[in-house]
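# Survey of secondary and tertiary structure
Residue-level listing of the chains:
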Amino acid sequence: MEKSLDRKLARLREDPSRPDFILADAKDADMAYGLAAPGRSPEYHGHEARFRSLAEYRQSMREIVTQGLVDIMLMSASSNEILTIRERLFDDSMVTPAVRANDTTDIWLATGTGRYSTQPSLPFRTATIDHIMCGKVECRPEERHLGANLGLYSVTFNNDAELDRQTLEAYKAFRLEAEAKGFRHFLEVFDPNAPGEHCPADVARFINDHIARTLAGVTSAARPLFLKIPYHGPQAMEALVRYDPTLIVGILGGSAGTTYDAFYMLWEAKKYGARAALYGRKINSAEHQLTFVYFLRLIADDQILPDEAVRAYHGALQKLGIAPHRSLEEDLRLTHTSTGYGPSTAAIPTSSRPKAVSPPTTPRHLPWEELPDFSKMSPAEKARWNLERWKRIIG
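Source: prediction; values computed, not measured.

### What to know about the packing of aromatic side chains
Here the structure, examined in full by the defined rule, presents 13 aromatic pairs. Their ring planes at 85 degrees and their centres at 5.3 Å tell us that Trp108 and Tyr116 sit as a pair that is edge-to-face. Ring geometry for Phe292 against Tyr313: centres 5.7 Å apart, planes inclined by 80 degrees, an arrangement best described as edge-to-face. A residue pair is termed long-range when its members are at least 10 positions apart, and Phe292 in helix α10 (residues 289–300) and Tyr313 in helix α11 (residues 306–320) qualify at 21 residues. As far as the burial class goes, Phe292 and Tyr313 line up, both buried.

### Thoughts on the environment of Gly182
Among the structural elements, Gly182 can be located in the loop between α5 (161–181) and β5 (184–190). The class of Gly182 is partly exposed, set by a relative accessible area of 46%. The spatial distance from the C-alpha of Gly182 to the C-alpha of Ile129 is 9.9 Å, given a sequence separation of 53 residues. Apart from the residues within four sequence positions on either side, Gly182 is in contact with Met133 and Asn149.

### Focus: the state of the cysteines
In this structure the tally under the stated criterion is one disulfide. Here Cys134 is linked by a disulfide to Cys139, with a sulfur-sulfur distance of 2.1 Å. Here Cys134 and Cys139 share a disulfide; its torsion about the S-S bond, -95 degrees, makes the bridge left-handed.

### Structural notes on the side chain of Asn102
Residue placement: Asn102 occurs in the loop between β3 (96–100) and α4 (129–134). Look at Asn102 and you get buried, because its relative accessible area is 0%. Here Ser154 takes part through its backbone nitrogen, which lies 2.8 Å from a polar atom of the side chain of Asn102.

### What to know about helix α3 (residues 77–86)
For α3, the set of buried residues is Ala77, Ser79, Asn80, Leu83, Thr84 and Ile85. Summarising the contacts, the buried residues of α3 are in contact with α2 (54–67), β2 (72–75), β3 and α4.

### Let's talk about the pairing of strand β7 (residues 249–252)
Here β7 shows a buried face lined by Val249 and Ile251 and a second buried face lined by Gly250 and Leu252. Bridge analysis of strand β6 (residues 227–229) against β7 gives three bridges, and the strand direction is parallel. If you follow Lys228 over to β7, its bridge partner there is Gly250. Following the chain from β6 across helix α7 (residues 234–243) to the adjacent parallel β7, one finds a crossover that is right-handed. Of the strand pairs in this sheet, β7 and strand β8 (residues 276–279) are connected by three bridges, and their pairing is parallel. Within the sheet, the bridge partner assigned to Leu252 lies in β8 and is Leu278.

### Section: the pattern of salt bridges
According to the stated counting rule, one finds 28 salt bridges in the structure shown. Across the pair Glu188 and Lys228 runs a salt bridge whose closest N-O atoms are separated by 3.0 Å. Highlighted residues: Glu188 in strand β5 and Lys228 in strand β6, separated in sequence by 40 residues. Grouping residues by exposure puts Glu188 and Lys228 together as buried. Between Asp307 and Arg311 there is a salt bridge, and its shortest N-O distance comes to 3.8 Å. Taken together, the positions of Asp307 and Arg311, both in helix α11 and four residues apart, correspond to about one turn of that helix.

Cut-offs used in this document
- Residues numbered from 1 in each chain as written.
- Predicted model: local features only at pLDDT ≥ 70, side-chain atom pairs only at ≥ 80, totals over all residues.
- Heavy atoms only, no water.
- Phe/Tyr/Trp six-rings, centres within 6.5 Å; stacked < 30°, edge-to-face > 60°.
- Helix = DSSP H or I, 4+ residues; strand = E, 2+ residues; numbered from the N terminus.
- Buried < 20%, exposed > 50% of the residue type's maximum accessible area, 1.4 Å probe, protein only.
- Contact = heavy atoms within 4.5 Å.
- Disulfide = S-S within 2.5 Å.
- Polar contact = N/O pair within 3.5 Å; in protein donor to acceptor, adjacent residues only side chain to side chain.
- Pairing = 2+ DSSP bridges.
- Right-handed = clockwise from strand over helix to strand, strands pointing away.
- Salt bridge = Lys/Arg side-chain N within 4 Å of Asp/Glu carboxyl O.

Have a look at this one:
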């Protein structure tokens, strides 16, 4: 089955101004957080640190893939082996499987005494390209289609020539191997995690300049399909998109905040040129992930505005009998959330943080259908509903 990601990438390459938008669920947190990766269990009581199991985490991946509203499901290599290679979950789906291809030290976030996130990032890869593509150390040519053919590679620049050179050397080695094996990737660029006394005065410009400089020496055969970067506001987004219109820029979600935080960030980033959003903790922390993704998709497809989406989301939760984490009034507030994996350790200047603008007004007519109850639908019914919806969107 043709993947929605491939269709959108082709359309955006033909015309970068098209409104097509790539939405990804980033469920690769087991590469970072350990036992806390699956998120809080809905059954926890008080302040008890009770988390979902890895099996529950993977079940939520199955459900979101079956729903079919995201374009990419980002996983760890071990989850990819189970869902993509063994279960063949993506064979008849328009969703593209992807794997976190490296795990730099700044995302080693062991609970308690872990201190890696406060030290400058060092390059490291647990997964290999062959293990991602076929589940073993060396793939035969005919086996390379068995697993994922898309990986996320992340880099963190800390304004230190020696450390940043190591980061670029590791990325170069990965890029050359990926090109030789026909493996595609997208590039994540984090804010400096531990620059010490050398934090750039303008972090947004620092990130944009490093992206432009890093990719200037990379030809089309090895370039990333798109970017995943912190959203630093309209000015920084417009500057990067204007610099190279052929570069598809996506934003990372960062930490979970209010529902309006998630919805508004996607809406505003798209308004100023972003064409992808990769949300992990924002989706995983939602009261009902399928419903949350549904409204993210509507916003991404310009069918609803963020404030109305929050109200509609609360209405859907009420229909499902699910208590929201916050009151509607609280959930409509725009707050500051972290743009990295760990706690914000770098002193990011205020001028580099996105600034809120006036909330959008609610449109008079909302061209979105009644939300189905996916929990009561069979896999065939979900597939049929999704197919009909994509026919309406794509034509």
